[in-house]
Amino acid sequence: MADRIEPAGTEPPPPDSMLGVPAGVEPSEAVRIAMRRDRLLAALTLTAGVGLALAMPFALKEGAEFFLPLTTALVIAVALVPVLEWLERRRVPSALASLMCILFFLVVANVALAAIVVPATDFFRLLPSRIGRIQENLAPLLDLYSNLESYANRALRQVATAPIRQPSTTAVAPPSSILELAATSAPAVIVQFLFGVLIVFFFLSGWTRMRRSTITGRTSFDGAMATARVIQDVVDDVSAYLGTITVINVSLGIVTGVALWALGMPYPAMWGGIVALFNYVPYFGPVIAAFLLAVGGLMTFADIWTALLPPVIMYVLHLVEANAITPFIVGHRLTISPLLILISLSFWGWVWGTLGALLAVPLLIILQTILGAAGKPDIAGFLFEHGTLMGGRGRGPRPSPPSA
C-alpha cells in the first residue's frame, strides 16, 4: 500500500499525547481538558501573585535599610540618564560622564539642603520662646470657641488628675554646613548614603552596555524592539516627570519666596525651598507646607491676619500652579489617575515614610510603563469569565465550550 503524500508546505498534526491530551479522546472532551488545565495554571499563578503582593510590603518595610537607598538611587539614576547620554554623545567616557552626573546632582542637592535645613533649624529653634506670641495671635480665634474650650477644660480636669511633667529642653546649635550635618548623623545614614552614591555611579557607568546587552539578548527582532521601547519609555517618562516637576516646583518656590520677602517674612529663601520640596508630594505636601508657614507667620507677626497671609499666599499660588500651569505644561502624556496617586502615596508612605511619599509618583510611573508594555493581568476575566489571567494575550481565539 502506497504511503499517503502530504501537500507541500503542510505538516501532519501532532498526536494528541503531545498536546497533553490522552490518545483517543474526543475533540470536545479535549477542549474541556485544555480549558481546565489553563484555569488551573491561572489559579496557581493568581494565588502565587496574591501571596507575593501581600508579603512584599512587609519585606520592603522590614528591609528599609537596604531597599530604600537602593530604590532611591535607581530612581535618581534613571532621571540622570538623559544627562549621561548627552555627555556620551559628546564623546565623554562613560565613567567620567557618570561621575559628572553624580557631582552635578550632589552640588544641587547640597545647595538646596543648605538653603533649607540650616535656616530652618535656626528658625524653629526659637519656637519655645515664641509660644506667647502664638497664643496672643490665636486668642481672637479661641474666643470664638470659649464655651467649647470651657467644656474641654472641665473634661480634662476630670481625666488628668495628676500634673504633667514638662520635659526639659536643651538648646542645640544648628549645623553650619552640610558636612557638619552629615558628621553629626548616625553612621548607618552615612553608610546608606555612600551605598546609594555607588549604586548611581555603577548604574550610570554601565547603562549603555547594559541596555545594549538587554536588547541584543532577545531571540527575535520584535522582542528586541519591544524591550528597547520599554526601556526608553521608562527613562523618558521618569526623567520628563522629574525634570518638569522640578522646574515647576523651583519656580513656585521662587515666586513664594519673593512674595514672602515683600511681606517681611524672615528667611524667604528657606520658605521658598520648603514649599518647593513639599510640592513634590501631591495633595498632602502643600497642606504641610501651608501649616508650617502658618506656624512661622504666627511666630513672626503680631497681628493674626498678617500672620495668616503667608499660608494663604502660598496656597493660592499652589492652586494656580496645580490647576493651570502644570496641566498646561505636562499635558496628557504624564497624566496619572488621582486614585492611583493616592494609593501609591499611602502605600509607599506607610512602607518608607516621607522619603517613600517622595518616591511614590516616580515608582508609579515606572510600574505603569512596564505594565502598559507587558500587558495587565485580566483578573476580572479570570474570576467571572471562562478565561486565563492574560485574557488570551498572544494566543488565537479560544474555542467556546460545547453545549451540554
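Quick note: structure is the one above.
Computed from a prediction, not measured in an experiment: that's the story for all the values here.

**Focus: the overall build of the chain**
(1) Moving on: Helix and strand content of the chain: 15 helices and zero strands.
(2) Moving on: Counting only residues that meet the buried cut, the chain has 30% of its 404 residues in that class.
(3) Moving on: For the chain, the share of sequence-separated contacts (at least 6 apart) that also reach a separation of at least 24 residues comes to 70%.
(4) Moving on: Accessible surface, the chain as shown: approximately 25,700 Å² in total, 69% of it carbon and sulfur.

**So, the environment of Met 100**
(1) Moving on: Among the secondary structure elements, Met 100 is positioned in helix H3 (residues 94-124).
(2) Moving on: Given the relative accessible area of 38%, Met 100 is considered partly exposed.
(3) Moving on: Through-space distance from the C-alpha of Met 100 to that of Leu 87 is 9.0 Å; in sequence the pair is 13 residues apart.
(4) Moving on: When neighbours within four sequence positions are excluded, Met 100 is seen to be in contact with Leu 87 and Val 92.

**Overview of unusual backbone geometry**
(1) Moving on: Despite not being glycine, Tyr 267 shows a phi value in the positive range, around 55°.
(2) Moving on: For Tyr 267, the position within the fold is in the loop between helix H9 (221-263) and helix H10 (268-278).
(3) Moving on: On the accessibility criterion, Tyr 267 (35% relative accessible area) is partly exposed.
(4) Moving on: The backbone phi angle of Tyr 283 is positive, close to 70°, even though this residue is not glycine.
(5) Moving on: Its place among the elements puts Tyr 283 in the loop between H10 and helix H11 (284-300).

**With respect to the packing of helix H2 (residues 64-88) against H3**
(1) Moving on: Following both chains from N to C, one finds H2 and H3 inclined at 125°, their axes separated by 9 Å at the closest point. Relative to H3, H2 is oriented oblique. The element H2 and its partner H3 pack so that their crossing is right-handed. Judged by residue contacts, Ile 76, Leu 80, Val 83, Leu 84, Leu 87 and Glu 88 of H2 engage Ser 94, Ala 97, Ser 98, Met 100, Cys 101 and Phe 105 from H3.
(2) Moving on: In terms of residue class, the contact of H2 with H3 is made up of nine nonpolar, two polar and one charged.

**Brief notes about the packing of aromatic side chains**
(1) Moving on: Under the criterion given, the structure shown has seven aromatic pairs.
(2) Moving on: Between Phe 58 and Trp 350 the ring centres are 5.7 Å apart and the planes differ by 85°, which places this aromatic pair in the edge-to-face class. Taken together, the positions of Phe 58 in helix H1 (residues 27-62) and Trp 350 in helix H14 (residues 338-374) put the pair 292 residues apart, joining distant regions of the chain.
(3) Moving on: A relative accessible area of 39% means that Trp 350 is categorised as partly exposed.
(4) Moving on: For the ring pair Phe 347 and Trp 348, a centre distance of 4.9 Å and an interplane angle of 80° mean the geometry is edge-to-face.

**Structural notes on a nonpolar patch on the surface**
(1) Moving on: Taken together, the side chains of Val 312, Val 316, Val 320, Ile 325, Phe 328 and Ile 329 define a hydrophobic patch exposed on the protein surface, amounting to about 580 Å² of accessible area.
(2) Moving on: Along the chain, Ile 325 turns up in helix H13 (residues 309-330).
(3) Moving on: What makes Ile 325 partly exposed here is its relative accessible area of 40%.

**As for H11**
(1) Moving on: Taking 1.5 Å per residue as the helical rise, H11 with its 17 residues ought to reach 24 Å, and the 25 Å between its terminal C-alpha atoms agrees with that figure.
(2) Moving on: The buried count for H11 comes to 12 of 17 residues, which makes it a mostly enclosed element.

**Notes on the side chain of Thr 71**
(1) Moving on: Following the sequence through the fold, Thr 71 ends up in helix H2.
(2) Moving on: Accessibility expressed as a relative area gives 17% for Thr 71, which makes it buried.
(3) Moving on: Not counting chain neighbours up to four residues away, the residues in contact with Thr 71 comprise Trp 352, Leu 359 and Leu 363.

What counts and how
Residues numbered from 1 in each chain as written. Predicted model: local features only at pLDDT ≥ 70, side-chain atom pairs only at ≥ 80, totals over all residues. Heavy atoms only, no water. Helix = DSSP H or I, 4+ residues; strand = E, 2+ residues; numbered from the N terminus. Buried < 20%, exposed > 50% of the residue type's maximum accessible area, 1.4 Å probe, protein only. Contact = heavy atoms within 4.5 Å. Areas by Shrake-Rupley, 256 points an atom, 1.4 Å probe, with all protein chains shown as cover. Axes fitted to C-alpha atoms, helices over the stretch in contact; angles between N-to-C directions. Parallel < 35°, antiparallel > 145°, perpendicular 65-115°, else oblique. Left-handed = near helix turned anticlockwise from the far one by under 90°. Nonpolar A, V, L, I, M, F, W, Y, C, P; charged D, E, K, R; others polar. Phe/Tyr/Trp six-rings, centres within 6.5 Å; stacked < 30°, edge-to-face > 60°. Patch = residues over 30% accessible without salt bridge, like charges linked within 9 Å, V, L, I, M, F, W, Y side chains within 5 Å. Salt bridge = Lys/Arg side-chain N within 4 Å of Asp/Glu carboxyl O. Expected span 1.5 Å × (residues − 1).

So, to be careful, I would describe these as geometric facts and stop short of saying anything about function.
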